[in-house]
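# Descriptive analysis of the structure
Spelled out, the chains give:
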Amino acid sequence: MTGTWEAHPHARAVETLQALVRIPTVSHPDQLDPQAFEDLLVELERRFPLIHQRLEVTRVHTHGLLVHWPGASAARPVVLMAHLDVVPVEDGWTHPPFSGDLVDGSVWGRGTLDDKGCVVGICEAVEALLERDFVPAQDVWISLGCDEEVFGQGAPLAVAELVRRGVRPWLVVDEGGAVASEAFPGIGAPIGVVGVTEKGVTSLELSVEGSGGHASTPTRNGPTARLARAITRLDRAPLPARVPEPTVELFRRLAPHAPAPLRPVLANAGRLRPLLTRVLLAAGPETAAMARTTVAVTTLSGSPAINVIAANAKAGVNIRVMVGDTVAGVVEHVRRTIGDDQVRLEVVEAHEPSPLSPVDDDAFRLLESTIREVFPDAVPAPYVMMAATDARHFTTICERVYRFAPFRMTLAQRQSIHAADEHLGIEALLDGVDWYRRLIERLPA
Ligand SMILES: [Zn+2]
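All values derive from a computational prediction rather than experimental measurement.

Parameters at a glance
Residues numbered from 1 in each chain as written. Predicted model: local features only at pLDDT ≥ 70, side-chain atom pairs only at ≥ 80, totals over all residues. Heavy atoms only, no water. Helix = DSSP H or I, 4+ residues; strand = E, 2+ residues; numbered from the N terminus. Expected span 1.5 Å × (residues − 1). Buried < 20%, exposed > 50% of the residue type's maximum accessible area, 1.4 Å probe, protein only. Arc of directions from axis to C-beta. Contact = heavy atoms within 4.5 Å. 1 Å grid on protein atoms, 1.4 Å probe; cavity = no way out; pocket = protein on both sides within 12 Å on 5 of 7 lines; lining within 4 Å. Points joined across faces, edges and corners; volume = space filled by probe spheres on them. Nonpolar A, V, L, I, M, F, W, Y, C, P; charged D, E, K, R; others polar. Donors = N, O, S within 2.8 Å, 3.2 Å for Na, K, Ca; no water. Pairing = 2+ DSSP bridges. Axes fitted to C-alpha atoms, helices over the stretch in contact; angles between N-to-C directions. Phe/Tyr/Trp six-rings, centres within 6.5 Å; stacked < 30°, edge-to-face > 60°. Lys NZ or Arg CZ within 6 Å of the ring centre and 35° of its normal. Parallel < 35°, antiparallel > 145°, perpendicular 65-115°, else oblique. Left-handed = near helix turned anticlockwise from the far one by under 90°.

## Focus on unusual backbone geometry
Note the cis peptide between Asp-114 and Asp-115, where omega equals 15°. Mapped onto the elements of the fold, Asp-115 is located in helix α4 (residues 112–131). The residue Asp-104 is not glycine, and still its phi comes out positive at about 55°. With respect to the helices, strands and loops of the structure, Asp-104 is situated in the loop between β4 (102–103) and β5 (106–108). In this structure, Asp-421 takes a positive phi of about 60° despite not being glycine. Topologically, Asp-421 is positioned in the loop between α14 (411–415) and β17 (423–425).

What follows is the structure, given as structure tokens:
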């Protein structure tokens, strides 16, 4: 982009993002304000009149929206997803989190990156195309969830609504990846990372029963000791690591942009998988999580009083299942590793990793070419997402589910998601609108 952003054809998107950020649609059981969500829907109607007048808008769940824009063909429908809710804020913000302040070329506030930027990007692109009486080559659906941050029912109900209407999407695009700078040490080019799978979230509860009693007369190997032994066994026996296929492809694509000595290693990532696995494991917890299913003991409880022996000790275990592993396999690993049948194991929630969306495919190539068009310096590449998104629900009705937010984000910005000082650059927002618009314009007949 050249010149000032005010001259950009989608410049009004900046004010729209500010307006949406100022409405605190926080998803949290103790902070939920239904009126804020109602206000947000009113604001969307005010900012995007043609979407609401010309397209079919269906309310889904409490405050979600499903919008249908008929195209020239309904053979390969496309779903563009985003969510309206945000996580709560904590202290430490430079600019108040619901101010939507425009400072230093960015819009500041909770939700700018996650995920109101995508809401504005999608809606502004569609509104602008409607102003031109553009007809997309394929049906376009917009699915705006209202409870993504609390793993709510919005997205499953949107999927149910599509199933009811007999819609089988050809392509689904949701948040997740970004045009990420400073993503890998030594690689100067930003990477347009597109999530092709996400880890499954599974939780277990470990518990050990005992007789309890007074702390003055303890016995050996009581519930707390047995539970502690189980936990240390788990800690010492991580699951086997291996670099999954999307990561191998990511490395291959980064090879030409890497420092010379690294190039052949990355270019031959497939053959050098064992070496790369060791490098990822050694480089720190974030990269290690890219190479294996992770197991974290989180909650712990025992006796409620310091002079009472626990009759029951419990630990919560949060597991992120890597594509290629299964919940059953991981639970079996945990059981075998603990090796103590007095430790009871209960599966609290079980979600398999999302199936892999194809990379060697027209839909992925469409995302790739659109990324190259709008972000000419970026390297488009697939990756495995560590966090969960609403997109996972759509894998039941679509083989091509991709997670990509078309915004340039620095490392600091990516770290501000769910933390303080979340902000989105004005030019980044406008590029994002351009990306969604071009994607819709380029849908294949
Ligand atoms: Zn999000």
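## Quick look at helix α2 (residues 34–47)
For α2, built from 14 residues, the straight-helix expectation of 20 Å at 1.5 Å per residue is met to within 8% by its first-to-last C-alpha distance of 20 Å. Residues Ala-36, Phe-37, Leu-40, Leu-41, Glu-43 and Leu-44 constitute the buried set of α2. Buried residues along α2 cover an arc of 160° about the axis, so they all sit on one side. Pointing more than 90 degrees away from the buried face of α2 are the exposed residues Val-42 and Arg-46. Looking at the buried side of α2, the elements it contacts are α1 (12–21), α3 (49–54), β1 (56–60), β2 (64–69), α4 and β6 (138–145).

## Topic: empty space enclosed by the protein
Tallying each qualifying case throughout the model produces 1 cavity of 30 Å³ or more. Considering only enclosed or pocket space, the largest cavity measures out at about 40 Å³ in volume. Considering the residues around the largest cavity, the lining is formed by Leu-44, Ile-51, His-52, Leu-65, Val-67, Cys-123, Ile-142 and Leu-144. For the lining of the largest cavity, the secondary-structure elements that each account for two or more residues are α3, β2 and β6. Tallied by class, the residues present in the lining of the largest cavity amount to 7 nonpolar, 1 polar and no charged.

## Concerning the coordination of the zinc ion
The zinc ion binds to the protein through His-83 (NE2), Asp-114 (OD), Glu-175 (OE) and Glu-175 (OE); the donor distances cover 1.9 to 2.5 Å. Each donor residue of the zinc ion belongs to the same chain, and together they define the spacing H-x30-D-x60-E. Here the residue Asp-114 occupies a position in helix α4, and Glu-175 occupies one in strand β7 (residues 171–180), the gap between them amounting to 61 residues. Of the two residues examined, Asp-114 and Glu-175, each falls in the buried class.

## Some remarks on the sheet that holds strand β14 (residues 344–350)
Two pairing modes exist for strands in a sheet, parallel and antiparallel, and in both the strands are linked by backbone hydrogen bonds. The 4 strands lie next to each other as β11-β13-β9-β14, forming an open sheet whose pairing is antiparallel. Both edges of this open sheet fall to β11 (294–301) and β14, since each of them pairs with a single strand only. Going across the sheet, the axis of each strand differs from the next one's by a mean of 25°, ignoring polarity. Bridge count between strand β9 (residues 200–209) and strand β13 (residues 312–321): 10 bridges; the pairing is antiparallel. Residue pairing across strands places Val-201 opposite Arg-320, the latter belonging to β13. Across the sheet, helix α11 (residues 327–338) is in contact with β9, β13 and β14; its angle to β14 comes to roughly 155°.

## What to know about the packing of aromatic side chains
With the rule as written, the count across this model stands at 5 aromatic pairs. Look at Phe-404 and Trp-435: their rings are 5.0 Å apart centre to centre, the planes differ by 70°, and that puts the pair in the edge-to-face class. Of this pair, Phe-404 sits in strand β16 (residues 401–409) while Trp-435 is found in helix α15 (residues 426–441), placing the two residues 31 residues apart along the sequence. By relative accessible area, Phe-404 is classed as buried at 0%. By relative accessible area, which is 0% here, Trp-435 ends up buried. Through a chain of ring-to-ring contacts, three or more aromatic side chains come together here, namely Phe-404, Trp-435 and Tyr-436. Its guanidinium or amino end placed over the ring of Trp-170, Arg-76 lies 4.9 Å from that ring's centre, counting from NZ or CZ.

## Here we look at α1
Within α1, 8 of the 10 residues are buried, leaving the element largely enclosed by the surrounding structure. Contacts from the buried residues of α1 go to α2, β4, β5, α4, β17 and α15.

## Remarks on the pairing of strand β8 (residues 191–198)
Counting buried positions along β8 yields 8 of 8 residues, so the element is predominantly enclosed. Bridge analysis of β7 against β8 gives 2 bridges, and the strand direction is antiparallel. Its bridge partner being in β8, Ala-180 is matched across the sheet by Ile-191. Sheet analysis places β8 next to strand β15 (residues 379–385), joined by 7 bridges and oriented parallel.

## Remarks on the packing of α4 against α15
Contact geometry of α4 with α15 gives a least axis separation of 8 Å together with a crossing angle of 50°. The orientation of α4 with respect to α15, classified from their angle, is oblique. Both α4 and α15 take part in a crossing whose hand is right-handed. On α15, the residues that touch Gly-117, Cys-118, Val-120, Gly-121, Ile-122, Glu-124, Ala-125, Val-126 and Leu-129 of α4 are Leu-429, Val-433, Tyr-436, Arg-437, Ile-440 and Glu-441.

## Describing the side chain of Thr-25
Mapped onto the elements of the fold, Thr-25 is located in the loop between α1 and α2. By relative accessible area, which is 0% here, Thr-25 ends up buried. Apart from the residues within four sequence positions on either side, Thr-25 is in contact with Ala-36, Phe-37, Leu-40, Leu-84, Asp-85, Val-86 and Lys-116.

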